[in-house]
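One-letter residues, chain by chain:
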Amino acid sequence: MNMIEEVVSAHLPVGETLRIQKNRIEGAEPKKRLAIVTGTHGDELDGQYVAWQLARVLKKRQPLLRGTVDIYPALNPLGISTIYRGLPGFDLDMNRIFPGSSEETMYEYIAGGIIEDIAGADLCIDIHASNIFLREIPQVRINEQSAETLLPLAKFLNLNFLWVHSAATVLESTLAYSLNSLGTPTLVVEMGVGMRITKSYGDQLITGILSVMSQLFMLEEPCPPVAPPIVSTDGNVAFVNANASGIFIPRVRHEERVEEGQLLGLIADPLSGGVREELHSPASGLIFTLREYPVVNEGSLIARILGGAL
Amino acid sequence: MKRKTLFTIDAQPYRQPIPVYGYFFGSEEKTLAVMGAIRGDEFQQMYTAAKLVQELIRLEAEGKIIDDCGLLVIPCAGQFSMNVSRRFWPLDNTDINRMFPGYDKGETTQRLAWRIFEALKGYTYGIHLTSLYLPGDFIPHIRIMDTGWQENAEGLDFGLPYLITRKPRPYDTTTLNYNWQVWETRTFSLYTKATDFIDEKSAQEATDSILRFLTRHGFLKDVPLPEGEATQAVSEKNLVTIRNICGGILLHCRPTSSQVQAGEIMANIVDPYTATVLEEIRAPQKGTIFFARHAQIISAQTIVFRLIPG
């Protein structure tokens, strides 16, 4: 049975209600629950495709479904509808206000309602899609504090890369950290580029979600074959930032393997026709992040290279 | 006074290099530093710092700064945003005041935070003229992060009406105030009534309060100043938050600093189509209006007032 349900809502100033909704897809007992969450940042749209396509895939498999899948396609509907990454009219990033509060602002109240609704799920998958500046390969990001619990399941998500990153206090206000703290295992997925949908990545993730559901005994069908991810910690990730402002002209492709010292791209100066900077790879490895948006300032992230034995 | 270029914001070829100036007074000692505007709409903060520069030029010429006292004022580091009417970094909407202590090899706003912090580190006292993430009117006050190693009593020396202490939340841990304290500077955030408009009276109050602090600590001699107020210390957790249930037009009935009685109407939420009062916002108890939300229209479930009880 499919049902659209309200998670939490609040009145906007003029004749409209901000309503966070989910698509509840219920199968037979036993009642395990999987939460698929996306749309925290209004410019990240890959999750829109996954939410839509996963609902269709699960509808076809409903007789095989054991438990409940809640799909939350838009935690930040106002951002999505206005092509805005953040929360319109609010300074703080939505992924910095969890677990929310009923004593502060509307958005913190909404964040609190979302946490309350998801908490208790057997697994939550929080889908992000980079921003408009960077293209990412499909990857899972796990805080080192939760790695022991999350790594075994994350490996079934059919994504290319599993990044175990160090803890930072500021990250304690993310949805994933808050849910993990409450005992709801939550995996963060990053893939693609902002304001676009990369369908192949979405399909890859959906296969992974079905695989994880089989692992959780939520689907009565064999686990679809998935490729094992590369697992890495911060130590194997090299960053390339621009040291000059201008226009980035890439000389490599995303997902390409590069050698140490290889030219990754140029910072061009269209005014003079000159080159302000040549950017070279600091390590041999896989370009898992590559600058997509050409205008760069000094410091803009250009690429991340996954080094080591690949 | 010596004016030094601390660093330059470089976004050529289409923006010209922007110098960020530090105004140094007195000796080479690192006694007290004042940071003005970091965000692009902090006009009041920039103006207050500029007035302080003007006063310190005069006081230094009159020989009123003691020999072993060194002062630094940075009126503005937000020019790149200010000149294009944006509160945050225009390219990616990131907030420099959520990037401290910064990182010299990181992204653009991390690098800027690092450069600002390099200039400000090592001072005994630090004052940040800053703005809140919610637009609103405050009673001018000093705010101290309750990190456990702060000196609350020194906050009384500004002679502003209130000293507010706040337990940091995760998103506070990347602000200048928090990191300045971590690096052992006794740090105060100074809030005036305004942010994106100039309020001459409160700018003068803020300037006087910094000079008063310097005088009470013996760094200035023979400077006649208004006496200031007997500062009341209040923990933020003891402020009474008053929130609305309905969205609509917000009509304030009582200004900031007013004393209100229990049950008194402080504001009305009015239907945007019929001007009917949808909700009367009443004082839950007797107190002084410390913060009033500045908004013409308002969503539901949001802070409208904060009250100091009693």
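Residues numbered from 1 in each chain as written. Chains lettered and ligands numbered in written order. Predicted model: local features only at pLDDT ≥ 70, side-chain atom pairs only at ≥ 80, totals over all residues. Heavy atoms only, no water.

1. Describing the domain arrangement of chain B
Residue and element names in this part refer to chain B.
Right, on to step 1. Parsing chain B into structural domains produces domain 1 (2–235) and domain 2 (239–309).
Right, on to step 2. In this structure, domain 1 and domain 2 have C-alpha centres spaced 30 Å apart.
Right, on to step 3. Between domain 1 and domain 2, the residue contacts involve 14 residues of the former and 12 residues of the latter.
Right, on to step 4. Both faces considered, domain 1 and domain 2 share a buried interface measuring about 1100 Å² in area, 68% of it formed by carbon and sulfur atoms.
Right, on to step 5. In terms of surface lost to domain 2, no three residues of domain 1 exceed Leu-134, Asp-137 and Ile-139, which account for 41% of the buried area on that side.
Right, on to step 6. The tally of links between domain 1 and domain 2 comes to 4 residue pairs in polar contact (both at pLDDT 80 or more).
Right, on to step 7. Looking at the side of domain 1 that touches domain 2, the elements with two or more residues in it are strand S6 (136–138), strand S7 (141–145), strand S8 (162–166) and strand S10 (232–235).
Right, on to step 8. When grouped by side-chain class, the residues that make up the side of domain 1 that touches domain 2 number 8 nonpolar, 4 polar and 2 charged. (Domains from an automatic or database assignment. Contact = heavy atoms within 4.5 Å. Buried area = accessible area lost by both parts, 1.4 Å probe. Polar contact = N/O pair within 3.5 Å; in protein donor to acceptor, adjacent residues only side chain to side chain. Helix = DSSP H or I, 4+ residues; strand = E, 2+ residues; numbered from the N terminus. Nonpolar A, V, L, I, M, F, W, Y, C, P; charged D, E, K, R; others polar.)

2. Quick notes on the interface of chain B and chain A
Right, on to step 1. Contacts between chain B and chain A engage 42 residues on the former and 41 residues on the latter.
Right, on to step 2. Summed over both sides, the interface of chain B with chain A buries roughly 3400 Å², with 53% coming from carbon and sulfur.
Right, on to step 3. Per-residue buried area on chain B facing chain A is highest for Leu-91, Arg-111 and Tyr-133 of chain B; these three make up 17% of the total on that side.
Right, on to step 4. Here chain B and chain A share 7 salt bridges between them. (Salt bridge = Lys/Arg side-chain N within 4 Å of Asp/Glu carboxyl O.)

3. Some remarks on the packing of helix H1 (residues 43–61) of chain B against helix H5 (residues 200–216) of chain B
Residue and element names in this part refer to chain B.
Right, on to step 1. Interhelical geometry of H1 versus H5 gives an angle of 50 degrees and a closest axis separation of 9 Å. Comparing their axes, H5 and H1 come out oblique. For H1 against H5, the interelement crossing comes out right-handed. Residues Gln-44, Tyr-47, Thr-48, Lys-51, Leu-52, Glu-55, Leu-56 and Leu-59 of H1 pack against Glu-200, Ser-202, Ala-203, Gln-204, Ala-206, Thr-207, Ile-210 and Leu-211 of H5.
Right, on to step 2. A class-by-class count of the residues in the contact of H1 with H5 yields 8 nonpolar, 5 polar and 3 charged. (Axes fitted to C-alpha atoms, helices over the stretch in contact; angles between N-to-C directions. Parallel < 35°, antiparallel > 145°, perpendicular 65-115°, else oblique. Left-handed = near helix turned anticlockwise from the far one by under 90°.)

4. Notes on the domain arrangement of chain A
A common measure of how large an interface is: the accessible area buried when the components associate.
All names here are of chain A.
Right, on to step 1. Per the domain assignment, the segments making up chain A are domain 1 (2–228) and domain 2 (234–307).
Right, on to step 2. The distance between the C-alpha centroids of domain 1 and domain 2 comes to 30 Å.
Right, on to step 3. In this complex, domain 1 contributes 16 residues to the contact, which on the side of domain 2 involves 16 residues.
Right, on to step 4. For the pair domain 1 and domain 2, the two sides together bury roughly 1300 Å², of which 59% comes from carbon and sulfur.

5. A word on the sheet that holds strand S9 (residues 186–191) of chain B
All names here are of chain B.
Right, on to step 1. Spatial ordering of the open sheet is given by S1-S2-S4-S3-S5-S9-S7-S8-S10, a layout of 9 strands whose pairing is mixed. Each edge of the open sheet carries a strand with a single partner, namely strand S1 (2–9) and S10. Each strand axis lies, on average, 20 degrees off the axis of its neighbour in the sheet, ignoring direction.
Right, on to step 2. Here 7 bridges tie S1 to strand S2 (residues 18–26), and the two strands are oriented antiparallel to one another. The partner of Ile-9 across the bridge, within S2, is Ile-18.
Right, on to step 3. Relative to the sheet, helix H3 (residues 108–120) contacts S1, strand S3 (32–37) and strand S4 (70–76), its axis offset from that of S1 by approximately 160 degrees. (Pairing = 2+ DSSP bridges.)

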